[in-house]
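This is what each chain is made of:
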Amino acid sequence: MSNSLFRKVLIANRGEIALRVIHACKELGIPTVAVYSQADRDSLHVRFADEAVCIGPPASSESYLNIPAVISAAEITNADAIHPGYGFLAESAYFAEVCETCGLTFIGPSPEVIRLMGDKNRARKEMREAGLPIIPGTEKIAGPQEAVARVAGEIGYPVIIKAAAGGGGKGMRIVQSESELATALDLAQTEARAAFGTPDIYLEKYISDARHIEFQILADHHGNVIHLGERECSIQRRHQKLLEEAPSTYLTPELREEVGNLAARAALSVNYSSAGTMEFLFDGSGHYYFMEMNTRIQVEHPVTELVTGLDLVKEQIRIAARQRLEHSQEDIQLRGWAIECRINAECPQTFLPCPGKITAFHPPTFMGVRLDTAAYTEWVISPFYDSLIAKVITYGTNRAEAIKRMERALEMMVVEGVKTTIPLQQRILSNDDFQEGRIHTHFLDRFFPR
Ligand code: MV4
């Protein structure tokens, strides 16, 4: 079968997301190429792609992040497009640019918009100009610390320092009072330089007890843009999401429409084209603020797929092939409720990754459950990569049903040989406040102190 989209798609990733992209390509009739490191020879993405190329040793820097190796693999297999998944090269403007230079379609937005959104400072400025409310703060930190202290005083403590090249909470630091500011600035700049290669940081007012809610956007190359509603992501531990849901118990249909339309228009104003996510913070008094935009497919995208019925990866591929969006905003209906639990291999005491061999694996399968995973019995979770074992996603006609199904799915899921986050997720699911939908950014610290 031949398709009008791409000759062949190379997937520059591993694990469940590589399999997820393979599924989308199979449904579209596009042949696939997997790339893998020496640690991933026995991986399912290698088995299920049409072709596979080994691109280097286990360390990501020498394989999944090795741009010349990935590009060479595309060239020798005659692929004409690359899907980066999430993580690794997904938000590298440079990689997207190299793809273009080599005549390969990068399945994602343009290098320019990746670069813009990767600079969280510039993104704030641009999105404010596009009409989105942003959190009170500085544009960019430069100049003497007295000047910074003056701005912080004007914003009002607590303030939060964020790395301009950061995102996802990496390099964030909360400052309670002026006496802590100088030391915090020093540390934050040193950390930012080490982690991101630039010491640039900015300040925001710290909003406590907020909700972290993100809007899913789809935009094509022809000026069409729609939003697919929101995902509630407030339940995070050390900025790792543990449980996400769609929709959010916090939003009324009116507020959803207001923020969704603003987000979609803002995406249009920067010529965005692909799937993208705008992160917002909602405080307790009805205010909301843009925080950052993610230009990749996100780990938690399945909850949006279950409540909208759209396949976001297929949409990304069609958009990259310059097709027009098939759906208008009026076509998008949210139906039912979806919850995702990210099952990671980690030690419950230290919260540190717990790599090792999975000695027994049994996936829960019944009505209303989806499992995105590349795991199987005897599979070894490597210390070289992220410790995600599986994403369990349940769907119900309402939130209570989705929760009940998640409880049953976790109870009937067998993962032996490594410690997992399942017990923590079971405690969250049985918590009264969670069941009532009363969740916020401090939910985990407050209810499950270490
Ligand atoms: C914030 C915030 C409060 N105030 N920024 C975390 C992920 C990253 N994208 C942004 N994050 C936050 N930024 C301001 N100005 C709260 C969060 C946040 C959070 C903070 C502490 C503990 C859990 C959290 C969960 C979600 C978001």
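Residues numbered from 1 in each chain as written. Predicted model: local features only at pLDDT ≥ 70, side-chain atom pairs only at ≥ 80, totals over all residues. Heavy atoms only, no water.

Caption draft 1: Spotlight on the site of the ligand. Not every one of the 19 residues close to the ligand is listed here, only the nearest: Lys162, Glu204, Lys205, Ile207 and Glu279. Between the ligand and the protein, one listed contact pairs a nitrogen atom with a side-chain N or O atom of Glu204 at 2.8 Å. Contact between the ligand and Lys205: a nitrogen atom at 2.8 Å from a main-chain N or O atom of the residue. Taken by itself the ligand offers 540 Å² of open surface, and the protein chains cover 95% of this. Every element with two or more residues in the shell around the ligand is listed here: strand E6 (159–163), strand E8 (201–205), strand E14 (274–282) and strand E15 (288–294). Broken down by class, the residue content of the shell around the ligand amounts to seven nonpolar, seven polar and five charged. Lining the shell around the ligand are residues from two domains, each supplying at least three of them: domain 2 (136–205) and domain 3 (211–447). (Near = heavy atom within 4 Å. Polar contact = N/O pair within 3.5 Å; in protein donor to acceptor, adjacent residues only side chain to side chain. Areas by Shrake-Rupley, 256 points an atom, 1.4 Å probe, with all protein chains shown as cover. Helix = DSSP H or I, 4+ residues; strand = E, 2+ residues; numbered from the N terminus. Nonpolar A, V, L, I, M, F, W, Y, C, P; charged D, E, K, R; others polar. Domains from an automatic or database assignment.)

Caption draft 2: The packing of aromatic side chains, seen in detail. Within this structure, the stated rule accounts for 11 aromatic pairs. Between the aromatic rings of Phe280 and Phe290, the centroid separation amounts to 6.2 Å while the plane-to-plane angle is 80°, which identifies the pairing as edge-to-face. Of the two residues, Phe280 is situated in strand E14 and Phe290 in strand E15; the sequence distance between them amounts to 10 residues. The class of Phe280 is buried, set by a relative accessible area of 0%. The exposure class of Phe290 is buried, given its relative accessible area of 0%. (Phe/Tyr/Trp six-rings, centres within 6.5 Å; stacked < 30°, edge-to-face > 60°. Buried < 20%, exposed > 50% of the residue type's maximum accessible area, 1.4 Å probe, protein only.)

Caption draft 3: Geometry of the side chain of Thr421. By the element assignment, Thr421 lies in the loop between strand E22 (414–416) and helix H13 (422–430). Within the local environment of Thr421, its side chain forms a polar contact with the backbone oxygen of Arg342, the two atoms lying 3.3 Å apart. A distance of 3.0 Å separates the side chain of Thr421 from the backbone nitrogen of Asn344, its partner in a polar contact. In contact with Thr421, other than residues within four places in its own chain, are Arg237, Leu242, Arg342, Ile343, Asn344 and Glu346. (Contact = heavy atoms within 4.5 Å.)

Caption draft 4: Representation of the domain arrangement of the chain within the structure. According to the domain assignment, the chain contains domain 1 (9–107), domain 2 (136–205) and domain 3 (211–447). A C-alpha centroid distance of 23 Å is found between domain 1 and domain 3. Listed per partner, the contact involves 33 residues of domain 1 and 27 residues of domain 3. Taken together, the two surfaces of domain 1 and domain 3 that pack against each other cover about 2,300 Å², and 64% of this comes from carbon and sulfur. Considering only the surface of domain 1 that becomes buried against domain 3, Glu16, Arg20 and Glu91 emerge as the three largest contributors, covering 26% of it. For the pair domain 1 and domain 3, the number of links is five salt bridges. Close ionic contact of Glu305 with Arg20 constitutes a salt bridge, the shortest N to O distance being 2.7 Å. (Buried area = accessible area lost by both parts, 1.4 Å probe. Salt bridge = Lys/Arg side-chain N within 4 Å of Asp/Glu carboxyl O.)

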